[in-house]
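Structure at a glance
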Amino acid sequence: MLQLGVNIDHVATVRQARMTDEPDPVWAAAEVELGGADGITVHLREDRRHIQDRDVKLLKETVGVKLNLEMSIAVSIVRIACQLKPDQCTLVPEHRQEITTEGGLDVVRLKRRVSQAVDKLHKAGCIVSAFIEPDEQQIKTSADIGFDAIELWTGAYANAKNPRAEKRALQELEKSIEIGRQCGLVVHAGHGLTYRNVEKVARLEGFSEFNIGHSIISRAIFVGIREAVRQMKELLIRYSS
Ligand code: PXP
């Protein structure tokens with residue numbers, strides 16, 4: 001069964017817009033759980049633009065489903081993750097100027113630094129996942145490094161401007177799932193997935209977890225978090241079985 005991880009960074013973004021104490025992502029996480037999600041995802045960025053250290057600490061204490069920490073390989077962030085010990089750490093690239101994560105982590109170029117981070121996180125008892133592009137060399141290097149899982153960047157699919165580009169992106173994802181599984185990796189997906197476009201990716205065989213944020217929190221403004229999560233979970237159940 002395809003698992004749903006819900007990224008609640010946007011809740012913290014609204015709070016930080018006023019530098020106040022509401023809305024609280026910890027409340028949001030409880031609502032996400034009540035909506036039937038299998039995991040809560042937050043990204044503790046180096047610039048702390050949305051999620052704060054306090055949020056991750058409280059989430060670690062209160063979340064009953066899988067807590068997935070998205071994070072860069074910066075030494076200071078790895079140190080925090082090793083202290084907090086979330087269930088899963090997903091390593092992502094991070095640039096100050098970006099609006100959101102743009103593309104995957106280049107584990108080929110950064111192999112030495114990434115390996116050091118993975119070793120430390122494994123010693124802390126975390127499952128470690130690499131957010132990478134659907135590329136054979138990136139997948140094989142992730143396996144080499146010792147990652148438990150990969151999260152394939154679905155941005156090329158989500159941003160496809162025409163049916164040909166969409167088809168190519170889906171084929172790349174399909175091939176990458178196969179390579180990942182042959183390498184013994186658990187395969188997740190995420191980025192740009194919405195209620196409208198999730199069907200074709202959910203129908204590909206072999207994904208075990210989707211991480212979705214923007215679309216769910218956007219819908220939650222109108223229907224509430226619990227209902228928005230329930231609706232997405234229902235789509236995943238329908239399309240992946
Ligand atoms: N997975 C990763 C690794 C991400 O960085 C993000 C964005 O924070 C997501 C999934 C969720 O993407 P979206 O908000 O587009 O659903």
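Residues numbered from 1 in each chain as written. Predicted model: local features only at pLDDT ≥ 70, side-chain atom pairs only at ≥ 80, totals over all residues. Heavy atoms only, no water.

Focus: the sheet that holds strand S7 (residues 186-190)
Here we have 8 strands rolled up into a closed barrel, ordered S1-S2-S3-S4-S5-S6-S7-S8, and parallel in their pairing. On average, adjacent strands in this sheet sit at an angle of 25° to one another, irrespective of strand direction. Where S7 and strand S8 (residues 209-212) come together, 3 bridges link them in parallel fashion. Across the sheet, the residue bridging to Ala189 is Phe210, located in S8. Across the sheet, helix H3 (residues 53-62) is in contact with strand S2 (39-43) and strand S3 (66-71); its angle to S3 comes to roughly 160°. (Pairing = 2+ DSSP bridges. Helix = DSSP H or I, 4+ residues; strand = E, 2+ residues; numbered from the N terminus. Axes fitted to C-alpha atoms, helices over the stretch in contact; angles between N-to-C directions. Contact = heavy atoms within 4.5 Å.)

With respect to the environment of Gln182
Of note, Gln182 is situated in helix H8 (residues 163-182). For Gln182, a relative accessible area of 62% puts it in the exposed group. (Buried < 20%, exposed > 50% of the residue type's maximum accessible area, 1.4 Å probe, protein only.)

Considerations on the packing of helix H6 (residues 136-145) against H8
Closest axis-to-axis distance for the H6/H8 pair is 10 Å, and the angle between their directions is 20°. Here H6 lies roughly parallel to H8, going by the angle between them. For the element pair H6 and H8, the recorded crossing hand is right-handed. Taking contact as the criterion, the partners of Glu136, Ile139 and Lys140 in H6 are, on H8, Ser176, Ile179 and Gly180. Classifying every residue of the contact of H6 with H8 gives 2 nonpolar, 2 polar and 2 charged. (Parallel < 35°, antiparallel > 145°, perpendicular 65-115°, else oblique. Left-handed = near helix turned anticlockwise from the far one by under 90°. Nonpolar A, V, L, I, M, F, W, Y, C, P; charged D, E, K, R; others polar.)

Some points on the packing of aromatic side chains
The geometry of two aromatic rings is summed up by the distance between their centres and the angle between their planes. By the definition in use, this model includes 1 aromatic pair. Across from the ring centre of Tyr195, 3.6 Å away, lies the NZ or CZ of Arg219, which sits over that ring. (Phe/Tyr/Trp six-rings, centres within 6.5 Å; stacked < 30°, edge-to-face > 60°. Lys NZ or Arg CZ within 6 Å of the ring centre and 35° of its normal.)

With respect to helix H10 (residues 214-223)
Among the residues making up H10, those that are buried are Ser215, Ile216, Ile217 and Ala220. On the buried face of H10, the contacting elements are strand S1 (3-7), helix H1 (9-18), S8 and helix H11 (225-240). Directly beyond the C-terminal end of H10, a positive phi value near 90° is found at Gly224.

Regarding the site of the ligand
Close contacts around the ligand come from 13 residues, with Glu70, Thr101, Glu151, Gly192 and Gly213 the closest. Asn7 is positioned with one of its side-chain polar atoms (N or O) 3.4 Å from an oxygen atom of the ligand. The separation between a nitrogen atom of the ligand and a polar side-chain atom of Glu151 is 2.5 Å. Broken down by class, the residue content of the shell around the ligand amounts to 3 nonpolar, 8 polar and 2 charged. (Near = heavy atom within 4 Å. Polar contact = N/O pair within 3.5 Å; in protein donor to acceptor, adjacent residues only side chain to side chain.)

Function cannot be inferred from these measures alone, as they are strictly geometric.
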